[in-house]
Amino acid sequence: MLEIYNSYSKKKETFKPVAEGKVNIYTCGPTVYSNAHVGNFSAFLMADVLVRYLKYKGYDVKWVMNITDVGHLTDDNEVTDDGEDKLEAASKRENKTVWEIARHYEDLFMGDIRTLKLFPADKYPRATEHVEEMIEMIKILQQKEVIYETSDGVYFDISKFKKYGKLSGNDIEALQAGSRVEINEDKRSAYDFALWKKLTGKNEKHIMQWDSPWGTGFPGWHIECSAMSKKYLGETLDFHTGGEDNKFPHHESEIAQSETANCKPFANYWMHKSRVIVNNEKMSKSLGNFFTVQDLLKLGYTPESIRFTFVSVHYRSKLNFTEEKLVESQKSIDKFNDFIQFLIKSEETVENSSISSIIKSTKQQFEKAMDDDLNVSGALAPLFGFMKSIRKQINSSGISAKNKDEILHFMKSINSIFEVFDFEEKKEKKLSISDQKTVEELIKKREQFRSEKNWVEADKVRDELNKMGVKIEDKK
RNA sequence: GGCGACGUAGCCAAGUGGUAAGGCAGAAGUCUGCAAAACUUCCAUUCACCAGUUCAAAUCUGGUCGUCGCCUCCA
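As the structure is a computational prediction, the values presented were derived from the model and not from experiment. (Residues numbered from 1 in each chain as written. Chains lettered and ligands numbered in written order. Predicted model: local features only at pLDDT ≥ 70, side-chain atom pairs only at ≥ 80, totals over all residues. Heavy atoms only, no water.)

## Remarks on the packing of aromatic side chains
Line of reasoning, step 1. Applying the stated criterion across every chain yields a total of 25 aromatic pairs.
Line of reasoning, step 2. On the basis of an interplanar angle of 50° and a centroid distance of 5.1 Å, the ring pair of Phe336 and Phe384 is categorised as tilted. Of this pair, Phe336 sits in helix H10 (residues 323-345) while Phe384 sits in helix H12 (residues 376-397), and the two are 48 residues apart along the sequence.
Line of reasoning, step 3. Since its relative accessible area comes to 28%, Phe384 is described here as partly exposed.
Line of reasoning, step 4. Residues Phe421 and Phe423 carry aromatic rings whose centres are separated by 6.4 Å and whose planes lie at 65° to one another, so their mutual orientation is edge-to-face.
Line of reasoning, step 5. Grouped by ring-pair contacts, the aromatic residues Tyr53, Tyr56, Phe308, Phe366 and Phe418 constitute a single cluster.
Line of reasoning, step 6. If you follow Arg188 out to its NZ or CZ, it ends over the ring of Tyr148, 4.0 Å from the centre. (Phe/Tyr/Trp six-rings, centres within 6.5 Å; stacked < 30°, edge-to-face > 60°. Helix = DSSP H or I, 4+ residues; strand = E, 2+ residues; numbered from the N terminus. Buried < 20%, exposed > 50% of the residue type's maximum accessible area, 1.4 Å probe, protein only. Lys NZ or Arg CZ within 6 Å of the ring centre and 35° of its normal.)

Structure below.
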């Protein structure tokens, strides 16, 4: 049984899907105003592992990740005009239209998703293409009398939703006391959040705009997730995932909107990815201490090592990101891949009766750890032990073709979650005939030097062969 | 100021009441130079600190210190 730590109840709970055998997952995706960094991806990778493990367990998974391509207001230092929208700021910076900016960064994002081998979601809905649905939902909220209109927008009255604050553990009264939110005179509470913003004041010249019953303007940040998750996955989600920083106010507001509009629980399980840390500071766009996937590839790290680094640490612990970690990850992956090559190339001899039971117990341990709130580190340990035992069996008793298939089948099922192993048999590269002759001569030459114990010359020849792409591994 | 998470070896990281997984790095050895891979052995009397509960605590309770996150756009 899969147990998941539910951020809403703050307890581990046994997973039960809304519909038998099916799972709906909604993940808060990127805001496409600049390059997503690996900290962003670590949250998406958490969802990816969840999706893949549920598939591994045989569930029919439907996964939706939104693309936020509507600019939302910002007050950070990125722009001088106070309160300029991020997309518009990027548009000025890069001299492109807001639409071009959004599409450009969305394309980069989709490219990175493929590089990091995230399982393709069933749908990546764009906020700008669902403004109709958002307006419909706001209308429902209006009928339920939980919203009010001011000169600059339409707001959700959080006093009408008693559970507001439960997810983040915030007490609204207490929040108000230590508030850093600028008081908007027209709002009843500083924490009432916008559903619709009008083109007035600092938003007068907002470029992305739509008509609505409340005047021309643009949607608030939170409503898109409520509207799109409902459209594609229904009123009650099995899982809602995102970064922990989205808990408040974003997810809190989504719950208020959706549950008020639908009169149903919004999500049964909430999963939040802890922040990625760099030098004891969060990795974030505003601090500028981030790496993008492309940055790391340029430094020579493989997509697999990036993926493994973020996947192998439990999603609820802070991951301190370093380049050393990428190197370690690569070593772990190499260890698996070396094992796979060893396995593929080992001679098929006799049936080995121990193989099945080794696989069985490894699988059991692996699943036990994964079932415990996706404990990947715990699940990895038995796999290292597995490789050791199998190697021993092959060296001492040999294996049959059937055994090999069994082992590979198991490794592939594990890899359906990790996606970092390489099952392709590494064959000797084909050399041209002239190269072949040279290589043979060089090997002979080296053997000659070795028999003469002329190690200096022998190593020189080995270096030369290495340069030609020929690896020399001495065996007894 | 309010809310939350966390503190396990040189590093990364499991373990949440029954006597410290695993990986990396390191040390020694086997494989008749070296290197690579593999294998064998070693590498935390102790889990930030202090009290308490218990036959038994890294695990539970209280306190102290420290770190990080959220409370404003962020995954």
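## Examining the pattern of salt bridges
Side chains bearing opposite charge may pair, as long as their charged atoms lie close to each other.
Line of reasoning, step 1. The full count for this structure, using the stated rule, is 29 salt bridges.
Line of reasoning, step 2. Glu235 serves as the salt-bridge partner of Lys264, at 3.0 Å between the closest nitrogen and oxygen. With a gap of 29 residues between them, Lys264 in the loop between helix H7 (247-262) and strand S10 (267-273) and Glu235 in the loop between helix H6 (223-233) and strand S9 (237-243) connect regions that are remote in the sequence.
Line of reasoning, step 3. With a relative accessible area of 25%, Glu235 lands in the partly exposed category. (Salt bridge = Lys/Arg side-chain N within 4 Å of Asp/Glu carboxyl O.)

## Focus on the packing of helix H9 (residues 303-311) against H10
Line of reasoning, step 1. Packing of H9 against H10 brings their axes to within 8 Å, and their N-to-C directions diverge by 105°. When the axes of H9 and H10 are compared, the pair comes out roughly perpendicular. Across the interface between the two elements, Glu304, Ser305, Ile306, Phe308 and Thr309 from H9 touch Lys325, Leu326, Ser329, Gln330, Ser332 and Ile333 from H10.
Line of reasoning, step 2. Within the contact of H9 with H10, the residues separate by chemical class into four nonpolar, five polar and two charged. (Axes fitted to C-alpha atoms, helices over the stretch in contact; angles between N-to-C directions. Parallel < 35°, antiparallel > 145°, perpendicular 65-115°, else oblique. Contact = heavy atoms within 4.5 Å. Nonpolar A, V, L, I, M, F, W, Y, C, P; charged D, E, K, R; others polar.)

## Details of the packing of helix H14 (residues 433-451) against helix H15 (residues 455-467)
A pair of packed helices is characterised by two quantities: the angle between their axes and the separation of those axes.
Line of reasoning, step 1. In the contact formed by H14 and H15, the axes pass within 8 Å of each other and the chain directions differ by 160°. Here H14 is positioned roughly antiparallel relative to H15, judged by the angle of their axes. Helix-helix and strand crossings are classified by hand; for H14 and H15 the assignment is left-handed. Taking contact as the criterion, the partners of Val439, Leu442, Ile443, Arg446, Phe449 and Arg450 in H14 are, on H15, Trp455, Glu457, Ala458, Val461, Arg462, Glu464 and Leu465. (Left-handed = near helix turned anticlockwise from the far one by under 90°.)

## Some remarks on the environment of Asp112
Line of reasoning, step 1. The topology assignment puts Asp112 in helix H3 (residues 98-115).
Line of reasoning, step 2. Using a relative accessible area of 2% as the deciding quantity, one classes Asp112 as buried.
Line of reasoning, step 3. Beyond its immediate stretch of four places on either side in the chain, Asp112 contacts Asn35, Ala36, Phe41, Val293 and Gln294.

## Thoughts on the sheet that holds strand S12 (residues 281-282)
Line of reasoning, step 1. Spatially, three strands are ordered S12-S11-S13 in an open sheet, and the strand pairing comes out mixed. The open sheet is flanked by S12 and strand S13 (319-320), the only strands paired with a single partner.
Line of reasoning, step 2. Looking at chain direction, strand S11 (residues 276-278) and S12 are connected through two bridges and run antiparallel. Following the sheet pairing, Val278 is matched in S12 by Glu281. (Pairing = 2+ DSSP bridges.)

## A look at the side chain of Thr128
Line of reasoning, step 1. Within the secondary structure, Thr128 is located in the loop between H3 and helix H4 (131-143).
Line of reasoning, step 2. A polar atom in the side chain of Thr128 sits 2.6 Å from the side chain of Asp69.
Line of reasoning, step 3. When residues no more than four places from it in sequence are discounted, the contact partners of Thr128 are Asp69, Val70, Trp99, Met208 and Trp210. (Polar contact = N/O pair within 3.5 Å; in protein donor to acceptor, adjacent residues only side chain to side chain.)

## Some points on helix H1 (residues 38-56)
Line of reasoning, step 1. Here H1 contains 19 residues, and its C-alpha end-to-end distance of 25 Å stays within 8% of the 27 Å for a straight helix at 1.5 Å per residue.
Line of reasoning, step 2. Of all 19 residues in H1, 17 are buried; the element is thus mostly enclosed. (Expected span 1.5 Å × (residues − 1).)

## Notes on the pairing of S9
Line of reasoning, step 1. S9 sits mainly inside the fold: seven of its seven residues count as buried.
Line of reasoning, step 2. As paired elements, strand S3 (residues 22-27) and S9 share three bridges and run parallel to each other. Bridge pairing in S9 places Thr27 opposite Thr241.
Line of reasoning, step 3. Bridge count for S9 against S10 is six bridges, and the pairing is parallel. Following the sheet pairing, Gly243 is matched in S10 by Lys273.
Line of reasoning, step 4. The parallel pair S9 and S10 is bridged by H7, and the resulting crossover is right-handed. (Right-handed = clockwise from strand over helix to strand, strands pointing away.)

## Some words on the pairing of strand S1 (residues 3-6)
Line of reasoning, step 1. Of the two faces of S1, the one holding Ile4 and Asn6 is buried and the one holding Glu3 and Tyr5 is not buried anywhere.
Line of reasoning, step 2. Here S1 runs beside strand S2 (residues 11-14); their pairing, made up of four bridges, is antiparallel. Bridge pairing links Asn6 to Lys11 in S2.
Line of reasoning, step 3. Between S1 and the antiparallel strand that follows it, S2, lie four residues; Lys10 among them carries a positive phi value of about 60°.

## Description of the confidence of the model for chain A
Line of reasoning, step 1. Chain-level pLDDT for chain A is 88 on average; 93% of the residues reach the 70-or-more range.
Line of reasoning, step 2. This stretch, residues 75-82, has a pLDDT under 50; its non-local contacts, to residues over four places away or in other chains, come to 11 contacts. (pLDDT = per-residue confidence, 0-100.)

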